[in-house]
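So the chains spell out like this:
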Amino acid sequence: ILREESSVRSEYSALVLQVNRRFTNSLQFQSSYTLARATDTGQNSLITTSIFNQPVDVFQRKVYDFGPSNFDVRHKFVFSAVYAPKVYNGTENSFGDYVLNGWSFAPIYVIYSGAPYSGTGPSNLNGQNGDNRVPILPRNSFRLPAIKNLDLRVSKRINFSERYNVELLAEGFNVLNRTQVFGQTGTFLASPSSSTSTPPNSCVGVNGIATNDANGLCFSPTFGAVSTTDSNKYRERQVQFAIRFHF
């Protein structure tokens, strides 16, 4: 017998704060902070069968499956600015004007909480043929490291006349070359019988601890180890150059 029902419950609430400055005295910036909370009882419709169940316990889904959403980002801060100072106040089109003026600096900095993930075991641990998440641990109770990224754009404009000018551009992405973590090993408990050990059914082959409980479980030393880094959006440092002619 297969039963599927749309019983997912989700909630989202957030507080957004912004501080902005219009371009005044060579400086403009925009900044925002978001404090958010997204919770649900899963990402899919409830599916139950005699041999496979999505939730840990089909009779107490709210108890075991309610927790932070997979997309829960608790904190997020974004800051961007444009700074175009006029350093030289002497004669226009002079050497000092060409060298010291016409510069523009535009950084973008983001930092936000890492995504949540759950601790899992070797199989369903409560006999419900359900998800292999460890029941004593709340769903999505662990967090990946925060994402921190800095992009920077530097430009220099050289004016030949009121109509013609050339702009030299340099843009850097992930300027600090920070490795972003997008996945960590979620295996919290492992079965002693899944490894060759002496004595039999010992955790020696898993974490080096000798046990004699054939029905026991072993803490996995690889739990929390980095498994996935970078993405299409956040990668290794990249730099590009360009020349733009305005007329």
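Residues numbered from 1 in each chain as written. Predicted model: local features only at pLDDT ≥ 70, side-chain atom pairs only at ≥ 80, totals over all residues. Heavy atoms only, no water.

Participant: Help me get a handle on the packing of aromatic side chains, residues and values and all.
Facilitator: Geometry of an aromatic ring pair is reported as the spacing of the ring centres plus the angle between the planes. Under the counting rule described, the total for this entry stands at 11 aromatic pairs. Measuring from centroid to centroid gives 6.1 Å for Tyr-164 and Phe-245, while their planes differ by 10°, and the two rings are stacked. Placement of Tyr-164 in the loop between strand E10 (147-159) and strand E11 (165-173) and of Phe-245 in strand E16 (residues 238-246) is noted, with a sequence separation of 81 residues between them. Owing to a relative accessible area of 35%, Tyr-164 belongs among the partly exposed residues under this scheme. Given the relative accessible area of 47%, Phe-245 is considered partly exposed. Members of the aromatic cluster, connected to one another through ring pairs, are Tyr-117, Phe-142, Phe-188, Phe-219 and Phe-223. Above the plane of the ring of Tyr-112 lies Lys-76, whose end atom (NZ or CZ) is 5.4 Å from the centre. (Phe/Tyr/Trp six-rings, centres within 6.5 Å; stacked < 30°, edge-to-face > 60°. Helix = DSSP H or I, 4+ residues; strand = E, 2+ residues; numbered from the N terminus. Buried < 20%, exposed > 50% of the residue type's maximum accessible area, 1.4 Å probe, protein only. Lys NZ or Arg CZ within 6 Å of the ring centre and 35° of its normal.)

Participant: Give me the pattern of salt bridges: which residues, what numbers.
Facilitator: Going through the model one piece at a time under the given rule, you end up with 10 salt bridges. Glu-167 is the partner of Arg-153 in a salt bridge, and the nearest nitrogen-oxygen pair spans 3.8 Å. Taken as a pair, Arg-153 in strand E10 and Glu-167 in strand E11 lie far apart in primary sequence, 14 residues in all. You can call Glu-167 buried: its relative accessible area is 5%. With a closest N to O distance of 3.3 Å, Glu-171 and Arg-153 form a salt bridge. (Salt bridge = Lys/Arg side-chain N within 4 Å of Asp/Glu carboxyl O.)

Participant: Account for the nonpolar core, naming residues and giving values.
Facilitator: If you look at the biggest cluster of nonpolar residues, it comprises seven residues: Tyr-117, Val-134, Leu-137, Leu-144, Phe-188, Leu-189 and Phe-223. Those residues in contact with Phe-188, other than ones at most four positions away along the chain, are Gly-119, Thr-120, Val-134, Leu-137, Phe-142, Cys-218, Phe-219, Ser-220 and Phe-223. (Core = buried A, V, L, I, M, F, W, Y, C linked by side-chain atoms within 4.5 Å. Contact = heavy atoms within 4.5 Å.)

Participant: Residues and numbers for the pairing of strand E7 (residues 103-112), please.
Facilitator: Note: strand E6 (residues 75-83) against E7, six bridges, orientation antiparallel. Considered in E7, the bridge of Tyr-83 is made with Phe-105. Here E7 runs beside E10; their pairing, made up of 10 bridges, is antiparallel. Within the sheet, the bridge partner assigned to Tyr-109 lies in E10 and is Leu-150. (Pairing = 2+ DSSP bridges.)

Participant: Tell me about unusual backbone geometry, and please be specific about residues and values.
Facilitator: Although it is not a glycine, Asn-25 adopts a positive phi angle of roughly 50°. With respect to the element layout, Asn-25 can be found in the loop between strand E2 (10-24) and strand E3 (27-40). Accessibility expressed as a relative area gives 70% for Asn-25, which makes it exposed. Even without being glycine, Asp-230 reaches a positive phi, approximately 60°.

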